[in-house]
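Spelled out from the first residue to the last, the chains are:
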Amino acid sequence: MSDLDFNAMEQKALGALRLKLGVKARDLPRAMKRAGRRLPKDAHRAADVMIAAQAQAGHPKLARMVDGLAVDAAAARLHEHLAKIDPKERRKDIILSMLGAQAFNILAVIALVVGLLLWRGLL
């Protein structure tokens with residue numbers, strides 16, 4: 001595989017990360033670091049394979065040791081995980097989670113005020 005193939009793979013992965021997770025980064029290692037726990041370990045391992053292959057491809061003697069099939073399989077695994085993510089559903093889940101937390105906080109404050117009023121004998 002040539003260096004151009006690795007760059008094309010990296011750009012495709014970066015585009016998918018940008019589209020699905022909103023991760024803005026110039027290279028794949030930074031993008032995966034910013035994706036963090038939003039992707040499973042298997043996706044991180046696949047990205048590590050791609051990153052290592054790209055680093056090896058830059059060196060003339062190590063470039064011959066790069067396993068193109070393993071890199072292709074790693075790229076496919078990464079894209080498979082990214083394909084499962086629905087950005088609209090993710091955004092909706094985040095908003096509902098925040099609203100649920102706020103509703104719980106409001107109910108807790110109301111319960112504390114009512115408890116305080118009962119304890120003081122005002123109710």
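Residues numbered from 1 in each chain as written. Predicted model: local features only at pLDDT ≥ 70, side-chain atom pairs only at ≥ 80, totals over all residues. Heavy atoms only, no water.

## Considering the packing of helix α3 (residues 41-57) against helix α4 (residues 68-83)
Helix-helix packing: each pair is described by the crossing angle between the helix axes and the interaxial distance.
So, step 1. Running from N to C, α3 and α4 point in directions that differ by 140 degrees, and their axes come no closer than 8 Å. Here α3 is positioned oblique relative to α4, judged by the angle of their axes. Here α3 and α4 pass one another in a crossing that is left-handed. Each of Asp42, Ala43, Ala46, Ala47, Val49, Met50 and Ala53 in α3 lies in contact with α4, whose residues at this interface are Ala70, Val71, Ala74, Ala75, Arg77, Leu78 and His81.
So, step 2. Among the residues making up the contact of α3 with α4, the classes are represented as 11 nonpolar, one polar and two charged. (Axes fitted to C-alpha atoms, helices over the stretch in contact; angles between N-to-C directions. Helix = DSSP H or I, 4+ residues; strand = E, 2+ residues; numbered from the N terminus. Parallel < 35°, antiparallel > 145°, perpendicular 65-115°, else oblique. Left-handed = near helix turned anticlockwise from the far one by under 90°. Contact = heavy atoms within 4.5 Å. Nonpolar A, V, L, I, M, F, W, Y, C, P; charged D, E, K, R; others polar.)

## Considering the side chain of Lys20
So, step 1. Take Lys20: it is sitting in helix α1 (residues 3-21).
So, step 2. Put simply, Lys20 is tucked away with no salt bridge, and the nearest opposite charge, on Asp86, sits 6.0 Å away.
So, step 3. Here the side chain of Lys20 touches Ile85 through a polar contact of 3.0 Å, landing on its backbone oxygen.
So, step 4. When near neighbours in sequence (up to four residues on either side) are disregarded, Lys20 contacts Leu82, Ala83, Ile85, Pro87 and Arg90. (Buried < 20%, exposed > 50% of the residue type's maximum accessible area, 1.4 Å probe, protein only. Lys, Arg positive; Asp, Glu negative; His and termini not counted. Salt bridge = Lys/Arg side-chain N within 4 Å of Asp/Glu carboxyl O. Polar contact = N/O pair within 3.5 Å; in protein donor to acceptor, adjacent residues only side chain to side chain.)

## So, the confidence of the model for the protein chain
So, step 1. Of the residues in the protein chain, 97% reach a pLDDT of 70 or more, and the chain-wide mean stands at 94.
So, step 2. Mean pLDDT values over the elements of the protein chain span from 91, in α1, up to 97, in helix α5 (residues 87-120). (pLDDT = per-residue confidence, 0-100.)

## Considering helix α2 (residues 28-35)
So, step 1. Within the span of α2, buried status applies to Leu28, Ala31, Met32 and Ala35. Each buried residue of α2 lies within a common arc of 95 degrees when the element is viewed along its axis, so the set occupies one face. Away from its buried face by more than 90 degrees, α2 exposes Lys33 and Arg34.
So, step 2. Among the residues trailing α2, Gly36 stands out with phi positive, at a value near 55 degrees. (Arc of directions from axis to C-beta.)

## Quick word on the pattern of salt bridges
So, step 1. On inspection of all chains with the given rule, the structure shows four salt bridges.
So, step 2. For Asp27, the salt bridge identified is with Arg30, shortest N-O distance 3.9 Å.
So, step 3. By relative accessible area, which is 25% here, Asp27 ends up partly exposed.
So, step 4. Under the relative-accessibility criterion, Arg30 is labelled partly exposed at 47%.
So, step 5. The partner of Arg45 in a salt bridge is Asp42, and the shortest N-O contact between them spans 3.9 Å.

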